[in-house]
Amino acid sequence: SEYGGETLHGPAYGSTSHSTAASSTPSSSSAFRHVVPSRQIVERQPRMLDFRVEYRDRNVDVVLEDSSTVGDIKHILENELQIPASKMLLKGWKTGDVDDSTVLKTLHLPKNNSLYVLTPDLPPPSSSHSGALQESLNQNFMLIVTHREVQREYNLNFSGSSSIQEVKRNVYDLTSIPVRHQLWEGWPPSATDDSMTLAAAGLTFPCHRLTVGRRSSPVQTREQSEEQCTDVHMVSDSDGDDFEDATEFGVDDGEMFGVASSALRKSPMMPENAENEGDALLQFTAEFSSRYGDCHPVYFIGSLEAAFQEAFYGKARDRKLLAIYLHHDESVLTNVFCSQMLCAESIVSYLSQNFITWAWDMTKEANRARFLTMCTRHFGSVVAQTIRTQKTDQFPLFLIIMGKRSSNEVLNVIQGNTTVDELMMRLMAAMEIFSAQQQEDIKDEDEREARENVKREQDEAYRISLEADRAKREAHEREMAEQFRLEQIRKEQEEEREAIRLSLEQSLPPEPKEESTESVSKLRIRTPSGEFFERRFLASSKLQVVFDFVASKGYPWEEYKLLGTFPRRDVTQLDPNKSLLEVKLYPQETLFLEAKE
């Protein structure tokens, strides 16, 4: 088509249009159909005709042969517009009345034609709002969800037909915050129901930012807890929400029977048999924040190997100590150590400035065994055995690790029964040891970098020298090659000139004798170098013979001119076919050679 619309080639009666009927801008589609008429026309090749058909806010491009009928166009439009052919009035013909059986060839149409469709028997389309909503249902929304407690962003893609409830369930999978405990910011005011689709919720397209956190649970009375617990089970049974044990809602079996159990009230700090250490540390950080508040050490999110890399393997000035916090929920010291030691502002600040802090939960046996395996691999069996023999009530443990050239050294193992001041003193003592080692490492690194810089400079100077020598050698080789080429050309030219000279010399007529009875002309010729040579010629000889004689002596007349003395004249300008007598070079004459400019 020449109208700029997209031409869709498909089977007979076209292909389905991709445009939306309620689009705010006119859409365009087209179809191609090769129709074989009932009678083959053999007189000429069929013409291809282009039709731009307009219907309301749509344009359809149709391409078919002029042997087709008007009815064929209607059949194509029936598939494209989803309108029965019997309901169409096809208007815009330049000639008289047409019907469905009219053959296009008989209308004598130009190649490009514009038509329009009327459907007086069909109702007008519905309002554009439903069409726009339908379009939004097919769009994809990018939700940028920030997990408030750990300050981590998730980029989630949802279709417009997804519900708000589906988003919240997906966020539960990522953050381990149950749907009922999620506290959201950023939903539009129109998003009043979790069953509402994203398309209807009024989100910003294509990206919308949200923030989620864990809702705090205040202390409740037993009656409130029992009432809430009943409500929880009702909601869980009715809509299938993600339901953790009742401890998430402030109720546990121990409280129901008057027994206090801290283990039952708490979610695990870390999932058992966690495959990914980074995901396990995310849950650890979130749970730690929910229990002890947001003022706590910044835990490194990643594997222990990645923590080593971050702490030990940068430049010496950037290295830090590694602090490993080993948590145990069943120790009576854990709550006091976490709330009063680890969450003290002085400890948090000092750890942030000087340490990379990594954590692990030793409560579950599988996680304990996994850490002991990592410990053996990185620190050796002695350290692993030391940790293995620690009793539950000696936890939590705080390991201070310093990276050494060949191994990682455990500087200190701090048990949970300590005070803020003692913990700070032991951290500072470890920093003194580390600082002394760091200064040595910085000195060694600076000396090594200085040596490497000198070596790089020497290597660079050597490279530049080699480049200069190579360039000089290549230039000399090019010069020698050019000289050789020119010498070869010169030799070839000399050989060619010598061959010509010999040829001319052999072609000269014999020199007449002085006592010859014929008239003889004696010519004396002076060269540019001042030398003379003489020869006798018959007066009847042509001037060309003199030119050939001079050329045989190495002075071709193309390069030299032969000049007479009295009167001064350029003999080479004379007719070479005239005789010496005719050009007045008889009985004798002195000539001299002069190079042409």
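Structural data are supplied above this passage.
Predicted model only: the values in this text are computed from it and were never measured.

Colleague: Now, about the sheet that holds strand E9 (residues 207-214): what can you tell me, with residues and values included?
Modeller: Here we have four strands laid out as an open sheet, ordered E7-E6-E9-E8, and mixed in their pairing. The open sheet is flanked by strand E7 (152-159) and strand E8 (182-185), the only strands paired with a single partner. Across the sheet, the mean angle from the axis of one strand to that of its neighbour is 30°, orientation sign disregarded. Pairing geometry for strand E6 (residues 140-147) and E9, over six bridges, is parallel. Within E9, the position partnered with leucine 143 by the bridge is histidine 208.

Colleague: Mind laying out the pattern of salt bridges, listing which residues take part and the relevant values?
Modeller: Taken as a whole and judged by the stated rule, the model has 31 salt bridges. A salt bridge links arginine 497 to glutamate 559; the shortest N-O distance between them is 2.7 Å. You can see arginine 497 sitting in helix H13 (residues 420-507) and its partner glutamate 559 sitting in the loop between helix H14 (543-552) and strand E16 (560-564), a full 62 residues away along the chain. Looking at glutamate 559, the relative accessible area reads 36%, which means it is partly exposed. In this structure, arginine 568 and glutamate 594 form a salt bridge, with 3.9 Å as the shortest nitrogen-oxygen distance. Linking arginine 568 in the loop between E16 and strand E17 (569-570) with glutamate 594 in strand E18 (residues 588-595), this pair joins segments that are 26 residues apart in sequence. Under the relative-accessibility criterion, arginine 568 is labelled exposed at 57%. Counted as one network, the salt bridges with shared partners bring together Arg319, Asp441, Glu445 and Arg448.

Colleague: Can you lay out the packing of helix H8 (residues 304-312) against helix H11 (residues 365-379) for me, pointing to particular residues and giving the numbers?
Modeller: Running from N to C, H8 and H11 cross one another at 40°; their axes reach a closest spacing of 11 Å. With respect to each other, H8 and H11 are oriented oblique. Listed contacts from H11 to Leu304, Glu305 and Phe308 of H8 are Met374, Arg377, His378 and Phe379. Here the contact of H8 with H11 is composed, by residue class, of four nonpolar, one polar and two charged.

Colleague: Mind laying out the sheet that holds E16, listing which residues take part and the relevant values?
Modeller: Judged by pairing direction, the sheet is mixed, and its five strands sit side by side in the order E15-E14-E18-E16-E17 without closing on themselves. Two strands lie at the open edges of the sheet, namely strand E15 (532-538) and E17, each paired on one side alone. Pairing between strand E14 (residues 520-526) and E15: seven bridges, direction antiparallel. Each residue of the ladder has a partner; that of arginine 524, found in E15, is glutamate 534. Sitting on the sheet, H14 is in contact with E14, E15, E16 and E18, with an inclination near 150° to E15.

Colleague: How would you sum up the packing of aromatic side chains? Please name residues and give values.
Modeller: Using the criterion set out here, one finds 22 aromatic pairs in the structure. Ring plane angle 85° and centroid distance 6.5 Å describe the contact between phenylalanine 288 and tyrosine 325, whose orientation is recorded as edge-to-face. Residue phenylalanine 288 is found in helix H7 (residues 277-292), and its partner tyrosine 325 is found in strand E10 (residues 321-327); the two are separated by 37 residues along the sequence. The exposure class of phenylalanine 288 is buried, given its relative accessible area of 0%. Seen from their ring centres, phenylalanine 533 and phenylalanine 549 are 5.5 Å apart, and the 70° between their planes marks the pair as edge-to-face. Of the two residues, phenylalanine 533 is situated in strand E15 and phenylalanine 549 in helix H14; the sequence distance between them amounts to 16 residues. Both residues of the pair, phenylalanine 533 and phenylalanine 549, belong to the buried class. Note that arginine 524 overlies the ring of phenylalanine 532, its terminal NZ or CZ placed 3.9 Å from the centroid.

Rules used in this analysis
- Residues numbered from 1 in each chain as written.
- Predicted model: local features only at pLDDT ≥ 70, side-chain atom pairs only at ≥ 80, totals over all residues.
- Heavy atoms only, no water.
- Pairing = 2+ DSSP bridges.
- Helix = DSSP H or I, 4+ residues; strand = E, 2+ residues; numbered from the N terminus.
- Axes fitted to C-alpha atoms, helices over the stretch in contact; angles between N-to-C directions.
- Salt bridge = Lys/Arg side-chain N within 4 Å of Asp/Glu carboxyl O.
- Buried < 20%, exposed > 50% of the residue type's maximum accessible area, 1.4 Å probe, protein only.
- Parallel < 35°, antiparallel > 145°, perpendicular 65-115°, else oblique.
- Contact = heavy atoms within 4.5 Å.
- Nonpolar A, V, L, I, M, F, W, Y, C, P; charged D, E, K, R; others polar.
- Phe/Tyr/Trp six-rings, centres within 6.5 Å; stacked < 30°, edge-to-face > 60°.
- Lys NZ or Arg CZ within 6 Å of the ring centre and 35° of its normal.

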